[in-house]
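Chains, contacts and geometry: an overview
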Amino acid sequence: MGFAVMTMTEAAASRVKAIVDNSGAEAKGVRVGIKKGGCAGMEYTIDLVTEPDAKDDLIEHDGAKVWIQPSAVLYLLGTQMDFEVTKMRSGFTFNNPNQTSACGCGESVELKAADLAMLAKQREAEASV
């Protein structure tokens, strides 16, 4: 089994499937990326996918498909995508080990590229268990 760039919770997979189901026959899944913006410097992006890009990484969970833009991979390695509903908002959240800070409103984050040596050590440790 290969290494997944990102993982999804059941809640995130369920929400992705609901978005696809409500978006017509052309919808295949969503694409996650990052862009410069916000007061902390970067923002996550989520777009509907009707035409998958062969350069994107694909993760699947329980029938939900999420593509990851190549430019975002190093910033998303080890991230868990979730979906939460609170009294004040609902939306996707990202538990990202590469996040160094976030703005007060939570709309933008500061990210660093993943430490590939540390990820390799973690994979070795998991494999030896």
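Residues numbered from 1 in each chain as written. Predicted model: local features only at pLDDT ≥ 70, side-chain atom pairs only at ≥ 80, totals over all residues. Heavy atoms only, no water.

1. With respect to the overall build of the protein chain
The helix and strand inventory of the protein chain stands at three helices and nine strands. Going residue by residue from the N terminus, the α and β elements of the protein chain occur as β-α-β-β-β-β-α-β-β-β-β-α. When the 129 residues of the protein chain are sorted by exposure, 33% land in the buried category. Expressed as a percentage of contacts within the protein chain between residues at least 6 apart in sequence, the contacts between residues at least 24 apart total 54%. Put simply, the protein chain shows about 7900 Å² of open surface, and 51% of that area lies on carbon and sulfur atoms. (Helix = DSSP H or I, 4+ residues; strand = E, 2+ residues; numbered from the N terminus. Buried < 20%, exposed > 50% of the residue type's maximum accessible area, 1.4 Å probe, protein only. Contact = heavy atoms within 4.5 Å. Areas by Shrake-Rupley, 256 points an atom, 1.4 Å probe, with all protein chains shown as cover.)

2. Remarks on the side chain of Asp-56
For Asp-56, the position within the fold is in the loop between strand 3 (41-49) and strand 4 (57-61). Of the polar contacts made by the side chain of Asp-56, one reaches the side chain of Arg-31; its length is 2.4 Å. Ignoring sequence-local partners within four residues, the contact set of Asp-56 consists of Arg-31, Trp-67, Ile-68, Gln-69 and Pro-70. (Polar contact = N/O pair within 3.5 Å; in protein donor to acceptor, adjacent residues only side chain to side chain.)

3. So, the pattern of salt bridges
Under the criterion given, the structure shown has four salt bridges. One salt bridge in this structure joins Lys-17 and Asp-62, with 3.1 Å as the shortest N-O distance. Placement of the pair is Lys-17 in helix 1 (residues 10-21) and Asp-62 in the loop between strand 4 and strand 5 (64-68), with a sequence separation of 45 residues. Between Arg-89 and Glu-84 there is a salt bridge; the shortest N-O distance is 3.3 Å. Here Arg-89 falls in the partly exposed class, since its relative accessible area comes to 37%. By relative accessible area, which is 32% here, Glu-84 ends up partly exposed. (Salt bridge = Lys/Arg side-chain N within 4 Å of Asp/Glu carboxyl O.)

4. Regarding the packing of aromatic side chains
Counting across every chain of the model gives two aromatic pairs. Ring geometry for Tyr-44 against Phe-94: centres 4.2 Å apart, planes inclined by 20°, an arrangement best described as stacked. Here the residue Tyr-44 occupies a position in strand 3, and Phe-94 occupies one in strand 7 (residues 90-95), the gap between them amounting to 50 residues. Aromatic side chains Phe-83 and Phe-92 sit 5.3 Å apart centroid to centroid with 70° between the ring planes, which places their arrangement in the edge-to-face category. (Phe/Tyr/Trp six-rings, centres within 6.5 Å; stacked < 30°, edge-to-face > 60°.)

5. A closer look at the pairing of strand 4
As paired elements, strand 4 and strand 5 share five bridges and run antiparallel to each other. Across the sheet, residue Leu-58 finds its bridge partner in strand 5, namely Trp-67. Turn length for the strand 4-strand 5 hairpin, with the two strands adjacent in sequence and antiparallel, is two residues, and the turn residue Asp-62 shows positive phi of about 50°. (Pairing = 2+ DSSP bridges.)

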